[in-house]
Amino acid sequence: MVNELGRTQKAPKNVLMIHHRLFASLFTLTPLYLFTHPVLQLIGYGSILSIFLLCVYDFIGRLRSIRVTQWWNWFFVWSAYSLITYVRKPSMGALYALLLQMVLLLFPCMLSSVNWTTRIITSVSLACKVLCGLLFVPMLAVASVGTGVGYAMFNNVFSPVLYKLLLPCSYFFLVDSKHKLWLTLFFAFLFIRTGERTSAGVILMVFAFYVFLGMFQRAKFVKRQLFSMVFLMTICSVFVYIALQYHPVGAYLNRVFREFTGGNFFSGRQRLWEIAVTHAKESPLFGVGLNNRVLASYGIGLSLHNTYLHLILQGGLVELLLFYGFLRSIWREYLRNFQNDRVRLAASFLLGMLVFINFEVTMIGNTVTTALYFWLVLAVGLGVGGLTSS
């Protein structure tokens, strides 16, 4: 590069591209924090911290050359509002939630600015495929003997949350495959046999979205309404699910599910969600605080199992709309390059993720490693299509 005075300037180094193997290896090690052995946990937490430090170091080195995109603007607004929410009701728990959420949303923003060359994509894909291969071993064992006996075989080794990683990791198998339908059915079967019904439904939806986007990628409906429609319908399903527990149709669905799947249609989430909705009415616009401990006040030590209600509780409808804006800005970038297969599949995973987070508190906290892998998939979709500049 040559400046106005004719002096040569060094181009900013893309640290993640230079050390792409290190970055990919660290990503493979992050799930170790879900293991019960303290040494493995330490390696896992250390890998997560190292990834963020590496991203920040890379980001700072290229700060002047990074293009400020729509999702960056939404991130700054989100951060400002979250800071105000924290100031309203400060506590150590609220500070932890604030920092964790800001870091997790900062992660895809930083990755989106990376020049995703073939080398870094290959390294990251290989790392995720290796992780998938390792996950296949316990999941196939659980699938063969059933969830009751199968989970007991590994509960003393790692948390069952580890199985959820297969959903975002499946992107790297599907994107390189010419037999996406058969692979999708295989993943869906594996999820059902291991008790991950949500993941099974989501992976089938991802394939359906992928086919739909391929057929109607130029349609105005896809560009203007599809993302918003999926987002809105998913949130509405929460209130339908809560209401069904008091309706004869809900009892019928519960019998059918128990007969054909061995599990209940009502998993217990309806009770948690009903509590959350009741308390959200106290301050629907601005929420009740980052560290509200609503479920804990009922003696419930579980997660809310719904990212949307989690956002409404802590920051109200305002925070939910900011989260919508952040994700929709990513969707709008995907629209420019749907002819790229990686981008179209990443867009399909984004729509599937809207459904997945309706049953889990992820992307903004709780299951951190699952959030990292989902954000990685979305960042790859942004980078490989030439939609961002380094």
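Residues numbered from 1 in each chain as written. Predicted model: local features only at pLDDT ≥ 70, side-chain atom pairs only at ≥ 80, totals over all residues. Heavy atoms only, no water.

A.B. asks: Can you break down the confidence of the model for the protein residue by residue, with the values?
C.D. replies: Mean pLDDT over the protein stands at 86; residues scoring 70 or higher make up 94%. Segment residues 1-9 is flagged for pLDDT under 50; beyond a separation of four residues in sequence, or across chains, it makes seven contacts in the model. (pLDDT = per-residue confidence, 0-100. Contact = heavy atoms within 4.5 Å.)

A.B. asks: Could you give an account of unusual backbone geometry, with specific residues and numbers?
C.D. replies: Phi is positive for His305, close to 60°, though the residue is something other than glycine. The phi dihedral of Met363 is positive, around 75°, even though this residue is not glycine. With respect to the secondary-structure elements, Met363 resides in the loop between α15 (341-356) and α16 (368-384). Given a relative accessible area of 0%, Met363 falls into the buried group. (Helix = DSSP H or I, 4+ residues; strand = E, 2+ residues; numbered from the N terminus. Buried < 20%, exposed > 50% of the residue type's maximum accessible area, 1.4 Å probe, protein only.)

A.B. asks: How would you sum up the pattern of salt bridges? Please name residues and give values.
C.D. replies: Evaluation of the coordinates by the stated rule reveals eight salt bridges. Here Lys180 and Asp341 are joined by a salt bridge, their closest N and O atoms 3.4 Å apart. In this pair, Lys180 sits in helix α9 (residues 180-193) while Asp341 sits in helix α15, placing the two residues 161 residues apart along the sequence. The residue Arg269 makes a salt bridge to Glu360 at a minimum N-O spacing of 3.5 Å. Residue Arg269 is located in helix α13 (residues 269-280), and its partner Glu360 is located in the loop between α15 and α16; the two are separated by 91 residues in the primary sequence. Each member of the pair, Arg269 as well as Glu360, carries the same accessibility label: buried. Several salt bridges converge on common partners, so that one network encompasses Lys164, Glu196, Arg269 and Glu360. (Salt bridge = Lys/Arg side-chain N within 4 Å of Asp/Glu carboxyl O.)

A.B. asks: Which residues make up the side chain of Asn337, and what are the values?
C.D. replies: Take Asn337: it is sitting in the loop between α14 (307-334) and α15. A residue is classified by how much of its surface remains accessible, and Asn337, at 10% relative accessible area, is buried.

A.B. asks: Kindly report on the packing of aromatic side chains, identifying the contributing residues and their values.
C.D. replies: Across all of its chains, the model carries 35 aromatic pairs by this definition. For the ring pair Phe186 and Phe187, a centre distance of 5.8 Å and an interplane angle of 55° mean the geometry is tilted. Among the residues examined, Phe186 registers a relative accessible area of 32% and is labelled partly exposed. An aromatic cluster is present here, built from Phe227, Phe231, Tyr308, Tyr324, Trp331 and Phe338 joined pairwise through their rings. Over the ring of Phe173 we find Lys129; its NZ or CZ atom is 5.9 Å from the centre of that ring. (Phe/Tyr/Trp six-rings, centres within 6.5 Å; stacked < 30°, edge-to-face > 60°. Lys NZ or Arg CZ within 6 Å of the ring centre and 35° of its normal.)

A.B. asks: An account of a nonpolar patch on the surface is requested, with residue identities and associated values reported.
C.D. replies: Judged by side-chain polarity, Leu181, Trp182, Leu185 and Leu204 come together as a nonpolar surface patch covering roughly 410 Å² of accessible area. Here the nonpolar patch takes three residues from α9, the largest share from any one element. Within the secondary structure, Trp182 is located in helix α9. (Patch = residues over 30% accessible without salt bridge, like charges linked within 9 Å, V, L, I, M, F, W, Y side chains within 5 Å. Areas by Shrake-Rupley, 256 points an atom, 1.4 Å probe, with all protein chains shown as cover.)

A.B. asks: Let's hear about the environment of Tyr86: which residues, and what values?
C.D. replies: By the element assignment, Tyr86 lies in helix α4 (residues 70-88). For Tyr86, a relative accessible area of 18% translates into the label buried. Between the C-alpha atoms of Tyr86 and Asn115, which are 29 residues apart in sequence, the distance is 35 Å. Non-local contacts of Tyr86, meaning those with residues more than four positions away in its chain, are made with Ser91, Ala94, Leu95, Leu98 and Leu290.

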